Amino acid sequence: MAASSKRKTSAPNRKPVRTSGNPARRPIVEAPPITARDWIGAARLRTLPLAIAPVIIGTGAAQIIDHELHWVIALACLAVAVLLQIGVNFTNDYSDGIRGTDAHRVGPARLTASGRVNPRSVLKIGFVFFALAAIVGLTIVIRTGQWWMLAVGAACIIAAWFYTGGKRPYGYFGLGEVFVFIFFGLVATLGTTWVQAFYLPQEAWIGAIAVGLFACGVLLANNLRDIDQDRAVGKRTLTVLIGRRATQVVYTVFMVVPFLLSSFIALLYPIAWLALMALLAGIPAIIIVWSYRQARELVVALGLTSLTALVYAGALYWAFVG
């Protein structure tokens, strides 16, 4: 009775919540309307340097063979890479959102998980970007006559979708880094070089490996941030499989090896030493990955890793064409 009277005494101090219909139903908190900023945020612009860097390196490697800059094809390659990246980001938003993976994520809120957007609308936007990438890619094939690259383009779109889409997405089984290295590193860089020079010099291969490792580093930083949430919902990323400490070690390796490769390139192209300037962003990223206290800090590391890849690519391009 005492407890009951206490509750009755304190009740008037609370502002009652008005509900309609079933009184047992929880009050619905109206979410703020969706804005253009939310859609732009869903595109995850901080990841776009990962799409730009391989095109820069691939174009520079092509100019080693053919000194002329094929700027139309280069820009088309850039458009394909950026459109695919944005498409991946939207379909990832959709797939993770409907699975509930993003329900308790640490980073910026996702459209699907927020419940403010129809999931199918997010999916359609992703497919629109895939379609645009396919159209631009087709123009490259027509311009160069490399019809076999239609299969490469199809593989890129399929890999982009099944990263988190489908019944058994490979991103949920520790294979994300493998496919990121292949498509964001090897395919993007070597494909850019091939359609401009129809030859793949060793510089293109070295640059492709380097930028692929940076892309894997970004994914590791992202998954390290979400390790607890991913483990709780059964998303078995490489980070979940090997643990936090091993992820920090692997991330560091992925960040250091590209600079060892650029030092080798610098023996032939001295300007490549400028790639070390990218360490101004890379070293703080490594420090954050090893010393972070809150998962949100890794969002900064993710951005710094992307910036490292972009500065690195710019230095290699200068070295190749200088």
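Structure shown above.
Throughout what follows, the structure given in this document is the object of discussion. (Residues numbered from 1 in each chain as written. Predicted model: local features only at pLDDT ≥ 70, side-chain atom pairs only at ≥ 80, totals over all residues. Heavy atoms only, no water.)

Mapping Q196 onto the fold places it in helix α8 (residues 176-197). Among the residues examined, Q196 registers a relative accessible area of 4% and is labelled buried. One polar contact links the side chain of Q196 to the main-chain carbonyl oxygen of T192, over a distance of 3.3 Å. Non-local contacts of Q196, meaning those with residues more than four positions away in its chain, are made with T59, A62, D66, H70, I73 and A74. (Helix = DSSP H or I, 4+ residues; strand = E, 2+ residues; numbered from the N terminus. Buried < 20%, exposed > 50% of the residue type's maximum accessible area, 1.4 Å probe, protein only. Polar contact = N/O pair within 3.5 Å; in protein donor to acceptor, adjacent residues only side chain to side chain. Contact = heavy atoms within 4.5 Å.)

The next thing to look at is unusual backbone geometry. One non-glycine residue, R44, lies in the positive phi region at around 55°. Positionally, R44 belongs in the loop between α2 (36-42) and α3 (49-65). A relative accessible area of 12% places R44 in the buried class. For F198, which is not a glycine, the phi torsion comes out positive at approximately 55°.

Moving on, we come to the packing of aromatic side chains. Taken as a whole and judged by the stated rule, the model has 13 aromatic pairs. Plain terms: the ring middles of F179 and F183 are 6.4 Å apart, the flat faces sit at 5° to each other, and that makes the pair stacked. In this pair, F179 and F183 are both assigned in helix α8, 4 residues apart and thus about one turn of the helix distant. Residue classification places F179 among the partly exposed positions, given a relative accessible area of 28%. What links up through ring pairs into an aromatic cluster is the set Y163, Y170, F179 and F183. Lying across the ring of Y172, R99 places its NZ or CZ 5.2 Å from the centre. (Phe/Tyr/Trp six-rings, centres within 6.5 Å; stacked < 30°, edge-to-face > 60°. Lys NZ or Arg CZ within 6 Å of the ring centre and 35° of its normal.)

The values reported here are purely geometric and, on their own, carry no functional implication.
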